[in-house]
Protein chains: 2
Amino acid sequence: MKARVVVTLKNGVLDPQGKAIEGALNSLGVEGVASVRQGKVFDVEMAGADPAAAKAQLTAACEKLLANTVIENYQIDL
Amino acid sequence: MKARVVVTLKNGVLDPQGKAIEGALNSLGVEGVASVRQGKVFDVEMAGADPAAAKAQLTAACEKLLANTVIENYQIDL
């Protein structure tokens, strides 16, 4: 079973990396970019066929490793 | 206008980071994880209201900066 986990910064958390990308895009001549915020995406192959069990394991994975829940949100798509 | 750009490794390209995450998840007791591949996600705020123009600019942004098109694919969602 394929799952996708997207981890993004919470609103209000500064994103220096995103700011750097904005500046670089402007200097590369890419117009119209008002703001950029970078996050992580994990494409996870889960064994078994039970979506509920997979979601529970992926939630544990996010809480323990994939996301820093103090400053990041995570979203699990099965 | 909000857009999301997802950059992932092409099939067949080794992902040592993903392998490391797999190992860590197993050792943290998260079960059922067969494989993990990590990518990047960019939440971009575009000025203007023309989706076609925004898509063209975002494609240029991916080709120039956000993705290494030799080993990565990118997907633009407006």
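Owing to the predicted nature of the structure, the values given are computational and were not obtained by experimental measurement.

Would you mind showing me how to read the overall build of chain A here?
Scanning chain A for helices and strands turns up 2 helices and 3 strands. Each helix and strand of chain A, ordered N terminal to C terminal, gives the series β-α-β-α-β. Radius of gyration (C-alpha) of chain A: 16 Å, far over the 12 Å computed for a compact globule of 78 residues. Dimensions of chain A, computed from the C-alpha atoms along their principal axes, are close to 50 × 25 × 15 Å. Here chain A, with 78 residues, has 36% of them falling under the buried criterion. Nonlocal contacts in chain A, meaning residues at least 24 apart in sequence, comprise 68% of its contacts between residues at least 6 apart.

Please explain the interface of chain A and chain B as it appears in this structure.
Bring the parts together and some accessible area is lost; that lost area is often taken as the interface size. Counting residues at the interface gives 34 residues for chain A, matched by 34 residues for chain B. Taken together, both faces of the contact between chain A and chain B bury some 2700 Å²; the carbon and sulfur share is 63%. Among the residues chain A hides against chain B, the three largest losses belong to Val41, Gln57 and Leu65 of chain A. Together they make up 16% of the total. Inspection of the region where chain A meets chain B yields 0 salt bridges. Inspection of the chain A/chain B interface yields 14 residue pairs in polar contact (both at pLDDT 80 or more). Among the secondary structure elements, those contributing two or more residues to the side of chain A that touches chain B are β1 (2-9), α1 (16-27), β2 (33-46) and α2 (51-66) of chain A.

Quick question: what am I supposed to make of the sheet that holds strand β1 (residues 2-9) of chain B here?
Strand pairs in the sheet, formed through backbone hydrogen bonds, run parallel or antiparallel to each other. Spatially, β3(A)-β1(A)-β2(A)-β2(B)-β1(B)-β3(B) is the arrangement adopted by the 6 strands of the open sheet, whose pairing is antiparallel. The sheet is open, and its two borders are formed by β3 (72-77) of chain A together with β3 (72-77) of chain B, each paired with just one other strand. Neighbour to neighbour, the strand axes of the sheet diverge by 25 degrees on average, direction disregarded. Sheet topology note: the β1 of chain B/strand β2 (residues 33-46) of chain B ladder contains 6 bridges and is antiparallel. In the strand pairing of β2 of chain B, Lys2 of chain B is matched with Glu45 of chain B. Relative to the sheet, α2 of chain A contacts β1, β2 and β3 of chain A, its axis offset from that of β3 of chain A by approximately 155 degrees. Contacts between helix α2 (residues 51-66) of chain B and the sheet are confined to β1, β2 and β3 of chain B, with β3 of chain B contributing the most and set at about 155 degrees to the helix.

Scoring rules and cut-offs
- Residues numbered from 1 in each chain as written.
- Chains lettered and ligands numbered in written order.
- Predicted model: local features only at pLDDT ≥ 70, side-chain atom pairs only at ≥ 80, totals over all residues.
- Heavy atoms only, no water.
- Helix = DSSP H or I, 4+ residues; strand = E, 2+ residues; numbered from the N terminus.
- Rg over C-alpha atoms; globule rule 2.2 N^0.38 Å.
- Buried < 20%, exposed > 50% of the residue type's maximum accessible area, 1.4 Å probe, protein only.
- Contact = heavy atoms within 4.5 Å.
- Buried area = accessible area lost by both parts, 1.4 Å probe.
- Salt bridge = Lys/Arg side-chain N within 4 Å of Asp/Glu carboxyl O.
- Polar contact = N/O pair within 3.5 Å; in protein donor to acceptor, adjacent residues only side chain to side chain.
- Pairing = 2+ DSSP bridges.
- Axes fitted to C-alpha atoms, helices over the stretch in contact; angles between N-to-C directions.

Keep in mind that these numbers describe shape and distance, not what the molecule does.
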